[in-house]
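Below, each chain spelled out in residue letters.
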Amino acid sequence: MRPSDAHAQDASGGAEPALESTSPVEWVIAGLSGLLLAATLSYMVIFAFSEPRTPPAVTLSVATVTTTPGGYLVVFRADNAGGAAAAGVQVSGELREGGTVVETSQATIDYLPQRSERRGGLFFTRNPEGLDLNLRAEGYSEP
Amino acid sequence: MRGLGRAFAGALIFALPMLMTMEMWRLGFYMQPLRLALLLVLTVPVLVGLSRFGGMRPTAHLRDDLADALVVMLIAALAAAFTLYLFGILTPGMSPREVVGKIALQTVPGSFGAMLARSQLGGEPEGEREKQAPTYWGELFLMGAGALFLSFNMAPTEEMVLIAYKMSAWQSVGLAVVSLGLMHAFVYALDFRGGSARPAEIPAWSVFARLTLVGYAIVLSVSLFTLWVFSRTDGAGLQEIISASIVLGFPGAIGAASARLLL
C-alpha cells in the first residue's frame, strides 16, 4: 500500500472514510483542557510580570539530628525565598565549642528552585547536641 | 474511550525519553515563564495541523481538530503529572511554579506523541483510511513539525552546546551538508514506504530546491527557536548560536524527513 505521491494532483477517487464529528462528552473534555491550558498560560504570564527576579535568598534550618554508625547526621532544610533558582548551592556546617570551631562539614545542593525547599545532610563525628551548630550557604551559580 | 487510552499510551511512548531527562525537570523551574507560555501557545496550532494530516480520527471540521488538540494536551499533562509523581520528581515542598512548569513543559512532547499515536499506532489497518496527500505547504508544515519533535528531544541536553564547542567551523559546514543530503535521500533516494518518487517531468534540482533546501531552512529556524526557548542562546556568540543550530539541525533534518515519510 503505497500512499499516493505527494505531488501528483490526485483527486481522491477511493471511498471517503466516514468523517467523525465530536461527541458532547469530548467537547466537555476539550473545554476542560482549554480551561486548564488557559489557566497554565495565565499563571506563567502573571508569574513573569508579578514576580520580581530577586536573587536567591537561602535560609537553612536544622530538620533532624540522628546518630549514624560513623557519628552524627544533621539533616537540614534549605528554603529559597528569592525569585530565582540557584544551582550548586554550597552548604557548610560548623560545630563550635566556646567560640572555637571544632568541626566543619560541607554539602552541595544541585538545584534549589525559587520558592521551594530541598533537603540535605551533614555528617559530623562529634555530637552536635550541646555544641553550637552554625549552618551557612556559601555560594551558588546561576542555572 | 479507547482513543483516549491510545492517546495516553502515545504520550508515554513519545515523551518517556524526556520524562526521564534531568535537564527537562530543571528547565521546568528555571525556564523563562514567558517563553514557556509562548511554547504552549504555539503547540496548539501545530497539534491542530497534525490532527488534519493524521491525528486521532478523520475529522470533518477544523473545530473538531481543535477539540482533539486540546484533549490531547490534557491527556499529555495527566500522563506527565502521573509519571513525574511516580518517579518522585514532584514532591511536597515544591512551589506551584515548579510543579506547573515541570508538567507544562512535558505536555508539549507528550501531546505530540498522543496525536501521533493515532496515525502511527491506530487500530485500523493502513490504507483503509485514505490519507490526504498533503499540499506543498502541508509538506513544509510536516517537516517543521517533525523537526520540532526531534529537536525538542535533544535541545534540553547539555550535549548540544558541548558538541557545538567541540566542532571546528569546517566540521559544522560538513554536518550541514550531510544533514541536507540525508534529508533528500530519506525521501527520494532510499525508496522507503511513504517516500516520494520524483515525477519525471520535474527536474531533480527543482525538487531539491523547493523541498529539501526550504525544508532545511525550516529545520534550522526550528532549531534556533528551540534553543532560544530553552535559553541556550542567551549570552552566546553568533558563531556559537549558528554552530549549535546546525548540531541540533542534524536530528531535526532526520525528523523532518521522517515526518514526510510517516505522516
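Owing to the predicted nature of the structure, the values given are computational and were not obtained by experimental measurement.

Novice: Would you mind going over the overall build of chain A in detail, with residue names and values included?
Specialist: If you tally the helices and strands in chain A, you get 1 helix and 6 strands. Order of helices (α) and strands (β) in chain A, N terminus to C terminus: α-β-β-β-β-β-β. Counting across all 143 residues of chain A, residues that qualify as buried make up 34%. Considering only contacts in chain A between residues 6 or more positions apart, those separated by 24 or more positions represent 65%. A total of about 8,400 Å² of accessible surface is found on chain A, and carbon and sulfur atoms cover 55% of it.

Novice: Residues and numbers for the confidence of the model for chain A, please.
Specialist: The share of residues in chain A with pLDDT of 70 or more is 85%, and the mean pLDDT across the chain is 82. Every residue in residues 1-17 of chain A scores below 50 in pLDDT, and together they form 25 contacts with partners more than four places removed in sequence or on other chains.

Novice: Before we move on, can you summarise the packing of aromatic side chains with the specific residues and values?
Specialist: Overall, the coordinates contain 9 aromatic pairs over all chains when judged by the stated rule. Measuring from ring centre to ring centre gives 6.2 Å for tyrosine 43 of chain A and phenylalanine 47 of chain A, while their planes differ by 35°; the resulting arrangement is tilted. Here the residue tyrosine 43 of chain A and the residue phenylalanine 47 of chain A both occupy positions in helix 1 (residues 24-50), the gap between them amounting to 4 residues, near one helical turn. Among the aromatic residues, those joined into a ring-pair cluster are Tyr111 of chain A together with Phe29 and Tyr30 of chain B. We note arginine 210 of chain B situated over the ring of tyrosine 136 of chain B; from NZ or CZ to the ring centre the distance is 5.2 Å.

Novice: A description of the environment of lysine 102 of chain B should follow, citing residues and the corresponding values.
Specialist: Here lysine 102 of chain B shows up in helix 5 (residues 96-121). Expressed as a C-alpha distance, the spacing of lysine 102 of chain B and alanine 77 of chain B, which sit 25 residues apart in the sequence, is 9.8 Å. Those residues within four positions of lysine 102 of chain B in sequence are excluded, and the remaining contacts are Arg118 of chain A together with Trp25, Gly28, Phe29, Leu84, Ile89, Leu90 and Met94 of chain B. Of note is the side chain of lysine 102 of chain B, whose polar atom sits 3.5 Å from the backbone oxygen of isoleucine 89 of chain B.

Novice: Kindly report on the layout of surface pockets, identifying the contributing residues and their values.
Specialist: Taken as a whole, the second largest pocket encloses approximately 490 Å³ of empty space. If you go around the second largest pocket, you meet 25 residues; those closest to its centre are Arg53 of chain A together with Tyr30, Met31, Gln32 and Ser231 of chain B. Secondary structure elements with two or more residues in the lining of the second largest pocket: helix 1 of chain A together with helix 2 (22-30) and helix 3 (33-52) of chain B. Per element, the largest residue contribution to the lining of the second largest pocket is 3 residues, and it comes from helix 2 of chain B. Across the lining of the second largest pocket, the residue classes tally to 14 nonpolar, 4 polar and 7 charged.

Novice: Would you mind going over the sheet that holds strand 2 (residues 71-80) of chain A in detail, with residue names and values included?
Specialist: Residues and elements named next belong to chain A. Spatially, 1-2-5 is the arrangement adopted by the 3 strands of the open sheet, whose pairing is antiparallel. Two strands lie at the open edges of the sheet, namely strand 1 (58-68) and strand 5 (116-124), each paired on one side alone. Within the sheet, the average angular offset between the axes of one strand and its neighbour, ignoring direction, is 20°. For strand 2 and strand 5, the ladder comprises 9 bridges, and the chain directions are antiparallel. Note on strand 5: the bridge partner recorded for aspartate 79 is glutamate 117.

Novice: I'd like a rundown of the environment of alanine 84 of chain A, residues and numbers included.
Specialist: All names here are of chain A. Relative to the elements of secondary structure, alanine 84 occurs in the loop between strand 2 and strand 3 (86-97). A relative accessible area of 9% means that alanine 84 is categorised as buried. Ignoring any residue separated from it by four or fewer positions in sequence, one finds alanine 84 in contact with Arg53, Thr54, Pro56 and Gln114.

Novice: Help me get a handle on the confidence of the model for chain B, residues and values and all.
Specialist: Low-confidence regions, as indicated by low pLDDT, have predicted coordinates that should not be scrutinised in detail. On average, residues of chain B score 84 in pLDDT, and 86% of them reach the 70 mark or higher. Overall, residues 123-130 of chain B carries pLDDT values under 50, and its contacts beyond four positions in sequence, including any with other chains, amount to 12 contacts.

Novice: Account for helix 8 (residues 169-189) of chain B, with residues named and values stated.
Specialist: Residues and elements named next belong to chain B. Look at helix 8: 29 Å from first C-alpha to last across 21 residues, which is about the 30 Å you get at 1.5 Å a residue. Along helix 8, the residues that are buried comprise Ser172, Leu175, Ala176, Ser179, Leu180, Met183, Ala185, Phe186, Val187 and Tyr188. Buried positions along helix 8 lie against helix 6 (136-154), helix 9 (204-229) and helix 10 (238-262).

Novice: Describe in detail empty space enclosed by the protein, supporting the description with residues and values.
Specialist: All names here are of chain B. Evaluated as defined, the whole model comprises 2 cavities of 30 Å³ or more. Considering only enclosed or pocket space, the largest cavity measures out at about 50 Å³ in volume. Forming the boundary of the largest cavity are Val161, Leu227, Arg232, Thr233, Ala236, Glu240, Ile241 and Ala244. Ranked by residue count, the leading element in the lining of the largest cavity is helix 10, at 3 residues. Considered class by class, the residues forming the lining of the largest cavity number 5 nonpolar, 1 polar and 2 charged. For the second largest cavity, the calculated volume is near 30 Å³. Contributing to the lining of the second largest cavity are Ala11, Leu12, Ala15, Leu19, Ala76, Ala79, Ala80, Gln106 and Gly110. Elements with a contribution of two residues or more to the lining of the second largest cavity: helix 1 (2-19), helix 4 (62-86) and helix 5.

Novice: Any details on the nonpolar core? Residues and values, ideally.
Specialist: Among the nonpolar cores identified, the biggest contains 74 residues, and Leu105, Phe112, Phe152, Met183, Tyr216 and Phe230 of chain B are the most heavily contacted of them. Contact partners of tyrosine 216 of chain B, with chain neighbours within four places excluded, come to Ala176, Ser179, Leu180, Met183, Ile246, Gly249 and Ala253 of chain B. Counting 15 residues, the second largest nonpolar core, distinct from the first, contains Val74, Phe76, Val89 and Phe124 of chain A.

Novice: Describe a nonpolar patch on the surface, listing the residues and the values that go with them.
Specialist: All names here are of chain B. Together, Leu16, Met20, Phe82, Tyr85, Leu86 and Phe87 make up an exposed nonpolar region whose accessible area comes to about 650 Å². Ranked by the residues each element gives to the nonpolar patch, the list is headed by helix 4, at 3 residues. By the element assignment, leucine 86 lies in helix 4.

What counts, and at which threshold
Residues numbered from 1 in each chain as written. Chains lettered and ligands numbered in written order. Predicted model: local features only at pLDDT ≥ 70, side-chain atom pairs only at ≥ 80, totals over all residues. Heavy atoms only, no water. Helix = DSSP H or I, 4+ residues; strand = E, 2+ residues; numbered from the N terminus. Buried < 20%, exposed > 50% of the residue type's maximum accessible area, 1.4 Å probe, protein only. Contact = heavy atoms within 4.5 Å. Areas by Shrake-Rupley, 256 points an atom, 1.4 Å probe, with all protein chains shown as cover. pLDDT = per-residue confidence, 0-100. Phe/Tyr/Trp six-rings, centres within 6.5 Å; stacked < 30°, edge-to-face > 60°. Lys NZ or Arg CZ within 6 Å of the ring centre and 35° of its normal. Polar contact = N/O pair within 3.5 Å; in protein donor to acceptor, adjacent residues only side chain to side chain. 1 Å grid on protein atoms, 1.4 Å probe; cavity = no way out; pocket = protein on both sides within 12 Å on 5 of 7 lines; lining within 4 Å. Points joined across faces, edges and corners; volume = space filled by probe spheres on them. Nonpolar A, V, L, I, M, F, W, Y, C, P; charged D, E, K, R; others polar. Pairing = 2+ DSSP bridges. Axes fitted to C-alpha atoms, helices over the stretch in contact; angles between N-to-C directions. Expected span 1.5 Å × (residues − 1). Core = buried A, V, L, I, M, F, W, Y, C linked by side-chain atoms within 4.5 Å. Patch = residues over 30% accessible without salt bridge, like charges linked within 9 Å, V, L, I, M, F, W, Y side chains within 5 Å. Salt bridge = Lys/Arg side-chain N within 4 Å of Asp/Glu carboxyl O.

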